[in-house]
Amino acid sequence: GDLAFQVPFYTSVMGVGDDPSAVSVESFNVESRLPWQQGGATKTFWRSVEGLTASKTCTWATSQACPLRRSVIYGDLELSGYCGKE
């Protein structure tokens, strides 16, 4: 698919197919670069993604309570995001 999306706080995104290949997206991202966070994934928590296949690189810069389950990513999986000042 060509859907690309951010996963905000308190959000669960779940593919409802029999297996991850039944629900295809372009990418999903959790960035640690939000204005109130001042850079840092240790303040990025309470979200999840499950049961999807992503065709491009995804960023999952999270800290705690953020499961990424039963998913296939054909691009890279970046586990850290932007840290520092612009």
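See above for the structure.
Residues numbered from 1 in each chain as written. Predicted model: local features only at pLDDT ≥ 70, side-chain atom pairs only at ≥ 80, totals over all residues. Heavy atoms only, no water.

Engineer: I'd like to hear about the side chain of S48, residue by residue, with values.
Structural biologist: Structurally, the position occupied by S48 is in strand β5 (residues 47–50). Here the side chain of S48 touches S12 through a polar contact of 2.9 Å, side chain to side chain. For S48, the residues in contact, after removing those within four places along its chain, are V7, T11, S12, V13, W60 and P67. (Helix = DSSP H or I, 4+ residues; strand = E, 2+ residues; numbered from the N terminus. Polar contact = N/O pair within 3.5 Å; in protein donor to acceptor, adjacent residues only side chain to side chain. Contact = heavy atoms within 4.5 Å.)

Engineer: Just give me the short version of the packing of aromatic side chains, but keep the residues and values in it.
Structural biologist: Pairs of aromatic rings are described using the distance from one ring centre to the other and the angle between the two planes. As enumerated under the stated definition, the model contains 3 aromatic pairs in all. The rings of F5, F28 and W60 are connected pair by pair, giving a single aromatic cluster. (Phe/Tyr/Trp six-rings, centres within 6.5 Å; stacked < 30°, edge-to-face > 60°.)

Engineer: Explain the side chain of R47 to me, and be specific about the residues and the numbers.
Structural biologist: Here R47 shows up in strand β5. Of note is the side chain of R47, whose polar atom sits 2.5 Å from the backbone oxygen of V7. With sequence-adjacent residues up to four places away left out, R47 is seen in contact with V7, P8, F9, T11, V30, W60, T62, A65, C66 and P67.

Engineer: Which residues make up the pairing of strand β4 (residues 27–30), and what values go with them?
Structural biologist: Neither face of β4 is open: one carries S27 and N29, the other F28 and V30, and all of them are buried. With 3 bridges joining them, strand β1 (residues 4–6) and β4 adopt parallel strand pairing. Bridged to Q6 within β4 is N29. Judged from the 2 bridges that link them, β4 and strand β7 (residues 58–60) form a sheet pairing that is parallel. When the bridges of β7 are listed, N29 appears paired with T59. (Buried < 20%, exposed > 50% of the residue type's maximum accessible area, 1.4 Å probe, protein only. Pairing = 2+ DSSP bridges.)

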